[in-house]
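Here is how the chains run, residue by residue.
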Amino acid sequence: MKISYNWLKDYLNIDLPAEEVADILTQIGLEVEGVEKHTTVEGGLEGLVVGHVKTAEQHPNADRLRVTTVDVGQDEPLHIVCGAPNVAAGQKVVVATVGTMLYPTEGDPFKIKKGKIRGEVSMGMICAEDEIGLGHEHDGIMVLAEEIAAGTPVREVIDIKEDYIIEIDLTPNRSDATCHIGVAKDLAAALQIARGMDVVVQMPEKAKAEAGSGMDISVTVKNTRLCPRYSGVVIKGIEVKESPEFLKDRLTAIGVKTINNIVDITNFILHEMGQPLHAFDAAKISGGKVIVDTLPKDTGFVTLDGDERKLSEEDLMICDADMNGMCIAGVYGGLGSGVTDATTSIFLESACFDAVNTRRTSQRHQLRTDAAMRFEKGVDPNGCMDALRRATDLILAYAGGEVASDFIDIYPEPIAEKEILVKYKHVTRLLGIDIPMEEIRRILTALEMELLSSDEESVMVRVPSNKTDVYREADVIEEVLRIYGIDRIPFKSTISSSISFLDKPSRYQVENTIADFLAGRGLQEIMAPSVSKSKYYSVEQKTGGMVGLLNSMNSELDAMRMEMVYSGLEVIHHNQNHKNHDLAMFEFGTTYHKVEEGYEEPRHLTIYLTGKSTGEHWKEKPAKTDFYDIKRIVDELIARLGLKINATEPCEDFPFAYGLQYKCQNKPLVKFGLLHAEVLKQLSVKAQVFYAEFKVKGILSGLKSKKLKYAEINKFPSMRRDLALVIDEGVSFESIRSMGAKAGKHILQDINLFDIFQDEEKLGAGKKSYSVSYLFQDAKKTLKDSDVDKVMNKLMAQYEQQLGALIRK
């Protein structure tokens, strides 16, 4: 938000440097991003000097050019070629010397250079009004008064106004500081308390306009929840024309484009008082009636920018008697009802619209207007009429006309100012310092909070209705602290701390361990937002537990994510669009679900692999990522954490085309596999993606029951046996492994599948051959062949009987 320092001084009689004012504002919570010097003429006429034309001769090579010699107060006069028809000897003119930067009224800035024009040297430029940004006149050069001395800087001759623009990064809760008067009140309070200055905000003169008659427009507010107050007045006989200079100077300084006197006055009031206004051409209000209500979904409405927008059933509209939309309430006007040069009567609106609904509408239609930004922070409902009367006075003064109706004011349920009890001991407890009671009362008074009653223990205050974020005792104490000064709170010379104990295992330590492990294997960590698009989820998910956003910054990001997979796929889609196809990523994140008892926020670890698993190399071709790449990473991570898997099951649940699920302590730990093509299609991901999703709760639960055991290195030799098993294609290696683990018990240390063979001619249809190795070792003795043979014979019998295996010997 931009604040003009000159405009601010209309309400405060101060003469402090702008930078000092910026520092004070930052100290009281209105953080200043920067202070910039502004002049009514861009460039401030720097480098321009008064010149005395000594001679003006016809250019020898051009009929329309003159060769002049101009005295600019230097040792030698300048030779300047000029094309203006009115240049003549003896004139005092504006000269831009070589190196001067010119800022014309129209077009880009340019620098004056030494040059030759049709063979004649030119050491500068004699300027017209539009060439230095003073107007639009280009018929000839500017001619100054004869008594002005040559060499005088032009900025000393022409009166240009200087200002400083203070840019404030306004936080969403500061509805009271969205305008110049609001900032002036905060600054005055700080100067009174911290500087002891006798500063009082000088409010604009009280409005004098009175109600009239002859052109009444009736108003009906059908939705008082979205529009708690609506005020308006009709003014007839106006003349739409250019705004007066003071109005243009004020608006231009803060970057607001001037349009005409009516629109500029509404913008002036917005930035002066924080109350958005809207002016309708009264002749275009069909039926002489204004109706405030919503319209059916997908109703078309053409806004001032000429775009047709489809309305939501939640968008509040200002309509005429035929329920034709004239304005999106608090956001943007309509093309067919606005003020034009032909307008002679207006209906001036001043209203208070619901903050949340206005923000939703603004975001939905991507219309971030000054009015919408004020309404969504919370406009003071008790200030509507003051702003309306002030604007009426200005319109009568600068557009003529007369009031042609009563001042309409529909306010069915007036919003009372909040009364809050503040206890001094709570001020001390929250701030950590003891502020004298009298100073607290002075601060509250400076903030225009009425002291209703006070004693030795507390004070009862009435909070102005423009402070929409102040509604409890702690908020009042925060206001006290702002003006008292955070920098006045002393630092303690000692730091007190207490020993804390983390739950074992600590989620943070476990996640850091996992992150280090995965990063060490070449995966990159991503951090995707927790907000998501509701369109990703099924109807059952939306109705059964989706957590929607009430006030989204983006119309598409309207829900908290229910599935982790989509945020990662969005990252993959973005990278693929930027020609980055080979990706290995992981993310820790939370999903959000509405349940009967409230909300659940389970934590997850997700892993994504896509593209090639190895890069280009002269020795071997790049390998495509496959199921066994994701399985290897999952298995290695589980081994690193020391978790025990007690069950493995196939997984074809959403979002997988195929995959596996591991269980730890008979509870789901991780699902991994290939993502289904329909899921990828939703986000336009064009390559296969292998995905794993761990439940962090399952990891922590498994680690909690894990016991560390220490054993000396085994000094006895190991023995290996290999088996070739011909089995049905439906038999999994997990079946072979689990049977071996039970039979081998303490001496079978490892089972490994090292070869797979399939050939219908040699093995038969539906058959495959597994080559499996078995590693035996005893921690207490050297194994004998008979010990190992006993286990192997038992295993082969089980494989033949239970799996129908043929042992190839």
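Our subject is the structure that appears above.
Bear in mind that the values here come from a model prediction, so they are computed numbers and not experimental data.

Q: Can you walk me through the layout of surface pockets in this structure?
A: In this approach a probe as big as a water molecule rolls over the atoms, and the regions it shows empty are the leftover space. Empty space within the largest pocket amounts to approximately 2,000 Å³. What lines the largest pocket is a set of 49 residues, and nearest its centre among them are I645, T648, Y662, E734 and R737. If you list the elements that add at least two residues to the lining of the largest pocket, you get α15 (627–641), β36 (647–650), β37 (656–664), α18 (733–744), β41 (748–757) and β42 (767–776). Of the residues in the lining of the largest pocket, the class split is 22 nonpolar, twelve polar and 15 charged.

Q: Sorry if this is basic, but what is going on with empty space enclosed by the protein here?
A: Overall, the coordinates contain two cavities of 30 Å³ or more when judged by the stated rule. The calculated volume of the largest cavity comes to roughly 100 Å³. What lines the largest cavity is simply D176, G182, K185, D186, A446, L447, E448, P464, N466 and K467. For the lining of the largest cavity, the element with the highest residue contribution is helix α3 (residues 180–194), accounting for three residues. The class makeup of the residues in the lining of the largest cavity is three nonpolar, two polar and five charged. In this structure, the second largest cavity spans a volume of roughly 50 Å³.

Q: Looking at this structure, I do not really get the state of the cysteines. What am I missing?
A: The bond known as a disulfide is covalent and runs between the sulfur atoms of two cysteines. For the coordinates displayed, the defined rule picks out zero disulfides. Distance from the sulfur of C82, which forms no disulfide, to the nearest cysteine sulfur (C127) is 9.2 Å. The thiol of C384 is unpaired, and the distance to the nearest cysteine sulfur, on C352, comes to 5.5 Å. Owing to a relative accessible area of 0%, C384 belongs among the buried residues under this scheme.

Q: What am I meant to see in the side chain of Q275 here?
A: Here Q275 lies in the loop between α5 (261–273) and β16 (277–281). Within the local environment of Q275, its side chain forms a polar contact with the backbone oxygen of A351, the two atoms lying 2.8 Å apart. Excluding residues that lie within four positions of it along the chain, Q275 makes contacts with I269, L270, S350, A351, F375, V379, D380, G383, C384 and A387.

Q: When you look at the sheet that holds strand β28 (residues 458–462) in this model, what are you seeing that I'm missing?
A: Read from one edge to the other, the open sheet built from three strands follows the order β26-β28-β27, with strand pairing classed as antiparallel. At either margin of the open sheet sits one strand with a lone partner, and together these are β26 (419–423) and β27 (450–454). Neighbouring strand axes in the sheet, compared pairwise and without regard to direction, differ in orientation by 25 degrees on average. Note that β26 and β28 share five bridges and pair antiparallel. Each residue of the ladder has a partner; that of E419, found in β28, is R462. Lying over the sheet, helix α9 (residues 424–431) contacts β26, β27 and β28, oriented at roughly 70 degrees with respect to β26. Sheet contacts for helix α10 (residues 437–446): β27 and β28; angle to β27, the most-contacted strand, approximately 150 degrees.

Q: Explain the sheet that holds strand β40 (residues 719–728) to me, please; I cannot follow it from the model alone.
A: Consider a sheet: its strands pair through backbone hydrogen bonds, and that pairing is either parallel or antiparallel. Judged by pairing direction, the sheet is antiparallel, and its four strands sit side by side in the order β41-β42-β40-β43 without closing on themselves. With one partner strand each, in any of the chains shown, β41 and β43 (806–808) form the two edges of the open sheet. The sheet shows a mean angle of 30 degrees between the axes of neighbouring strands, taken without regard to direction. Against the sheet, α18 contacts β40, β41 and β42, and its axis sits at roughly 155 degrees relative to β41. Relative to the sheet, helix α20 (residues 785–802) contacts β40, β42 and β43, its axis offset from that of β40 by approximately 10 degrees.

Each value, and the rule that gives it
- Residues numbered from 1 in each chain as written.
- Predicted model: local features only at pLDDT ≥ 70, side-chain atom pairs only at ≥ 80, totals over all residues.
- Heavy atoms only, no water.
- 1 Å grid on protein atoms, 1.4 Å probe; cavity = no way out; pocket = protein on both sides within 12 Å on 5 of 7 lines; lining within 4 Å.
- Points joined across faces, edges and corners; volume = space filled by probe spheres on them.
- Helix = DSSP H or I, 4+ residues; strand = E, 2+ residues; numbered from the N terminus.
- Nonpolar A, V, L, I, M, F, W, Y, C, P; charged D, E, K, R; others polar.
- Disulfide = S-S within 2.5 Å.
- Buried < 20%, exposed > 50% of the residue type's maximum accessible area, 1.4 Å probe, protein only.
- Polar contact = N/O pair within 3.5 Å; in protein donor to acceptor, adjacent residues only side chain to side chain.
- Contact = heavy atoms within 4.5 Å.
- Pairing = 2+ DSSP bridges.
- Axes fitted to C-alpha atoms, helices over the stretch in contact; angles between N-to-C directions.

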